Amino acid sequence: MRNQLEANQTNQNDKGCISGVGGSWIYTMAGPDDSRHWARVDYLSIDLNKSFKASDCFCDENGIANNDMSGMHRKNEFLPDVAGTKEHVEITFADLSNLEKILAMGFESGFTSALTNLEDILNN
């Protein structure tokens, strides 16, 4: 799935960047068959230029959580590297069945694709 950045963000500063805690991001992922899945990220903590913690869940286009699908928690850290900045992403699930369910939906290839898209954007 491709990460389509159709986002609504809260707690934005004048440059459109999220700051503070309590913001959310609603986005849609589009599959090669034009299927769409909506998701929401709720920011739990942000250490500017260093890391953020968030919870993710599937939702409808209005951000209402889909309770049939469990979410995940993530911690993204940005670390100095000789080539620039290295991002370390840690994703955790409530239990193994939640991880297996999302992997069956194509999470691994979708996440890899999103990172590749990000790398392409940053290199241009």
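For the structure given in this document, a descriptive report is provided here. (Residues numbered from 1 in each chain as written. Predicted model: local features only at pLDDT ≥ 70, side-chain atom pairs only at ≥ 80, totals over all residues. Heavy atoms only, no water.)

A closer look at empty space enclosed by the protein
Move 1: Applying the stated criterion to the full structure yields 1 cavity of 30 Å³ or more.
Move 2: Every residue lining the largest cavity is listed: Phe58, Met69, Ser70, Asn98, Lys101 and Ile102.
Move 3: Considering every element that reaches the lining of the largest cavity, the biggest residue donor is helix α1 (residues 96-104), with 3 residues.
Move 4: Residues that form the lining of the largest cavity fall into these classes: 3 nonpolar, 2 polar and 1 charged. (1 Å grid on protein atoms, 1.4 Å probe; cavity = no way out; pocket = protein on both sides within 12 Å on 5 of 7 lines; lining within 4 Å. Points joined across faces, edges and corners; volume = space filled by probe spheres on them. Helix = DSSP H or I, 4+ residues; strand = E, 2+ residues; numbered from the N terminus. Nonpolar A, V, L, I, M, F, W, Y, C, P; charged D, E, K, R; others polar.)

Quick notes on the state of the cysteines
Move 1: If you walk through the whole model with that rule in mind, you get 0 disulfides.
Move 2: Between Cys57, a cysteine without a disulfide, and Cys59, which holds the nearest cysteine sulfur, the sulfur-to-sulfur distance is 5.6 Å.
Move 3: Of the residues examined, Cys59 reaches a relative accessible area of 9% and is grouped as buried. (Disulfide = S-S within 2.5 Å. Buried < 20%, exposed > 50% of the residue type's maximum accessible area, 1.4 Å probe, protein only.)

Thoughts on the pattern of salt bridges
Move 1: A complete count under the given rule lists 3 salt bridges for this structure.
Move 2: Its salt-bridge partner being Asp56, residue Arg74 comes within 3.5 Å of it at the nearest N-O pair. One end of the pair, Arg74, is in strand β5 (residues 72-81); the other, Asp56, is in strand β4 (residues 51-59), and 18 residues separate them in sequence. Of the two residues, Arg74 and Asp56, neither departs from the other in class, the shared state being buried.
Move 3: We note a salt bridge from Glu77 to Lys75, for which the minimum N-O separation is 3.8 Å. (Salt bridge = Lys/Arg side-chain N within 4 Å of Asp/Glu carboxyl O.)

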